[in-house]
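Chains, contacts and geometry: an overview
Here's the letter readout for the chains.
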Amino acid sequence: MWRLMMLVKMKNYVIAFLVFQPHQTQAKTRPGTVEVNFSPVSYSPLTSSKDKTSDDKSGKIIYTFGSPQLLQSITWESSEPTQITIHQIPLNIQEEVLETEERYMYDSVTEKSWLAGERFDDIASGICSRAFTEDVDETGTDGSYEGQEYDKLSQVDHHSQEVVRCVGRISYESTSNRLSANSTVLVGNSKDKMSIVSLNFSRIPSVAVFPGQIVLAKGMNPTGGTLFLRQIFTERYWSPPRAPSQLHKPLRLLIAAGPFAENNDLVCEPLQDLMMQCKQTRPNVLILIGPFVDINNSCIADGVLAESFDSFFQKLINGVVSSVG
């Protein structure tokens, strides 16, 4: 809307300064609803064109699964006082929280690379631990290591006339579109550079590998370009999973799927109704499944929003936290 900011009189003229301010919609809450404003800043009023009170299906059960008598005897509302604590989960990288410039639902390239490296090191460590224990050429009769040299691994392209051991990921040459005995290569995981070496399977009777598999290769690489395999280790010791947490009282979950706004407005009245449902049933866990706003929403298509999508989404999350917290 346009607002008159000041009047300036100069000689025989009067100059008026008008400033356009984006409209901040105040959501019209119905009796019994949670008074939280989920509406974004907009260039025009965002009023709901649909009267929710006239919906004859509101509050009715449209589908049930299970015994009707059993469902009627269940009380979904929690009578125990519950204090909900909101935690912001940090990233695995140096215990840092998500930066403000990061986009929601997107992972940075650095984080993806770090997670891939951690997974590679974890799998490779497990394979080496089992291979060095079971390989008769590397251990003594009592299963102990004969020397510290077996704990050292070489780069995949390290040329040597002796047997070397290296860890890498199975792949195929760029000129081939499938994995075969003549196109299989081993890609190293060096932090300084990417090393690739061709694999020769002529000295082993049989082998089964697939693209992307992490293996421990044992063989000779006299030229640095081809590794003549003697053995490939792919298995590792699996540790049993930890025991699941024991629940001492019933766990109540409330799951809702979007969109939480009508296709022709952004007042988010369905989200208001959901927050009221949370106030009544008091669940222990609230799971919201997107999309929060439909991609074909007319307000977004017409450019009504006067703020960024991230800012609008943050407003929705803050409103949910303030309602259930």
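Residues numbered from 1 in each chain as written. Predicted model: local features only at pLDDT ≥ 70, side-chain atom pairs only at ≥ 80, totals over all residues. Heavy atoms only, no water.

Named according to an unreviewed UniProt entry, the chain is DNA polymerase alpha subunit B originating from Phlebotomus papatasi. UniProt, in the comment section headed Subcellular location (unreviewed entry), describes the chain in these words: "Nucleus". In the Sequence similarities (unreviewed entry) part of its UniProt record, the chain is described as follows: "Belongs to the DNA polymerase alpha subunit B family." (UniProt positions renumbered as here; feature names shortened; annotations may be inferred.)

Take unusual backbone geometry next. Each neighbour pair has its own omega, and for Gly258 with Pro259 the value is 5°, a cis peptide bond. Across the junction of Gly290 and Pro291, the peptide omega takes the value 5°, indicating a cis bond. For Pro291, the position within the fold is in the loop between strand 11 (285-289) and helix 4 (298-301). Of note in the backbone geometry, Cys268 takes a positive phi value of approximately 60° without being a glycine. Structurally, Cys268 can be placed in the loop between strand 10 (253-257) and helix 3 (269-281). Backbone geometry places Arg282, a non-glycine residue, at a positive phi of 50°. Position of Arg282 among the secondary structure elements: in the loop between helix 3 and strand 11. Given the relative accessible area of 34%, Arg282 is considered partly exposed. (Helix = DSSP H or I, 4+ residues; strand = E, 2+ residues; numbered from the N terminus. Buried < 20%, exposed > 50% of the residue type's maximum accessible area, 1.4 Å probe, protein only.)

Moving on, we come to the sheet that holds strand 7 (residues 196-200). Sheet architecture is closed into a barrel: five strands sit in the order 5-6-7-9-8, paired in mixed fashion. For this sheet the average axis-to-axis angle between neighbouring strands, irrespective of direction, equals 55°. (Pairing = 2+ DSSP bridges. Axes fitted to C-alpha atoms, helices over the stretch in contact; angles between N-to-C directions.)

Looking now at the pairing of strand 10. Residues Leu254 and Ala256 line the buried face of strand 10, whereas the alternating positions Leu253, Ile255 and Ala257 sit on a face that is not buried. Handedness of the β-α-β unit built from strand 10, helix 3 and strand 11 comes out right-handed. (Right-handed = clockwise from strand over helix to strand, strands pointing away.)

Ranked by internal contacts, the top residues of the largest apolar core, which has 20 residues, are Leu271 and Met275. Broken down by secondary-structure element, the contributors of at least two residues to this core are strand 10, helix 3 and helix 5 (309-324). Counting residues in hydrophobic clusters, the runner-up holds 14 residues, among them Val164, Ile170, Val197 and Phe201. (Core = buried A, V, L, I, M, F, W, Y, C linked by side-chain atoms within 4.5 Å.)

Bringing the state of the cysteines into the picture now. In this structure the tally under the stated criterion is zero disulfides. There is no disulfide at Cys166, and the cysteine sulfur nearest it, in Cys128, is 9.9 Å away. Residue classification places Cys166 among the buried residues on the basis of a relative accessible area of 1%. (Disulfide = S-S within 2.5 Å.)

A pair can form between side chains of opposite charge whenever their charged atoms are brought close. In the structure shown here, the tally under the stated rule is three salt bridges. The shortest N-O distance in the salt bridge between Asp122 and Arg236 comes to 3.5 Å. Residue Asp122 is located in helix 2 (residues 109-134), and its partner Arg236 is located in the loop between strand 9 (226-233) and strand 10; the two are separated by 114 residues in the primary sequence. Using a relative accessible area of 15% as the deciding quantity, one classes Arg236 as buried. Between Glu307 and Lys315 there is a salt bridge, with the nearest N and O atoms lying 3.3 Å from each other. Classification of Glu307 as buried rests on a relative accessible area of 16%. (Salt bridge = Lys/Arg side-chain N within 4 Å of Asp/Glu carboxyl O.)

Moving on, we get to helix 3. In an α-helix there are 3.6 residues to a turn, and that puts residues three or four apart on one side. A rise of 1.5 Å per residue sets the reference length of helix 3, with its 13 residues, at 18 Å; its end C-alpha atoms lie 19 Å apart and thus fit the reference within 8%. Considered for burial, the residues of helix 3 that qualify are Glu269, Leu271, Gln272, Leu274, Met275, Cys278 and Thr281. On the buried face of helix 3, the contacting elements are strand 10, strand 11 and helix 5. Arg282 lies just past helix 3 and shows a positive phi near 50°. (Expected span 1.5 Å × (residues − 1). Contact = heavy atoms within 4.5 Å.)

Take the packing of aromatic side chains next. Applying the stated criterion to the full structure yields two aromatic pairs. Here Phe292 and Phe313 contribute two aromatic rings whose centre-to-centre distance is 5.2 Å and whose plane-to-plane angle is 80°, an arrangement assigned as edge-to-face. Placement of the pair is Phe292 in the loop between strand 11 and helix 4 and Phe313 in helix 5, with a sequence separation of 21 residues. Taken together, the aromatic side chains of Phe260, Phe292 and Phe313 make up a single cluster linked through ring pairs. (Phe/Tyr/Trp six-rings, centres within 6.5 Å; stacked < 30°, edge-to-face > 60°.)

What follows is about a nonpolar patch on the surface. Taken together, the side chains of Leu247, Leu251, Leu253, Ile255, Val285, Ile287 and Ile289 define a hydrophobic patch exposed on the protein surface, amounting to about 610 Å² of accessible area. Structurally, the position occupied by Leu251 is in the loop between strand 9 and strand 10. Leu251 sits in the partly exposed class, given a relative accessible area of 45%. (Patch = residues over 30% accessible without salt bridge, like charges linked within 9 Å, V, L, I, M, F, W, Y side chains within 5 Å. Areas by Shrake-Rupley, 256 points an atom, 1.4 Å probe, with all protein chains shown as cover.)

Between helix 3 and helix 5, whose axes approach to 10 Å, the crossing angle comes to 25°. As judged from the angle between their axes, helix 3 and helix 5 are roughly parallel. Crossing geometry of helix 3 relative to helix 5 is assigned as right-handed. For the pair formed by helix 3 and helix 5, the contact residues are Leu271, Met275, Cys278 and Lys279 on the first element and Leu316, Val320, Ser323 and Val324 on the second. Here the residues of the contact of helix 3 with helix 5 are counted per class, giving six nonpolar, one polar and one charged. (Parallel < 35°, antiparallel > 145°, perpendicular 65-115°, else oblique. Left-handed = near helix turned anticlockwise from the far one by under 90°. Nonpolar A, V, L, I, M, F, W, Y, C, P; charged D, E, K, R; others polar.)

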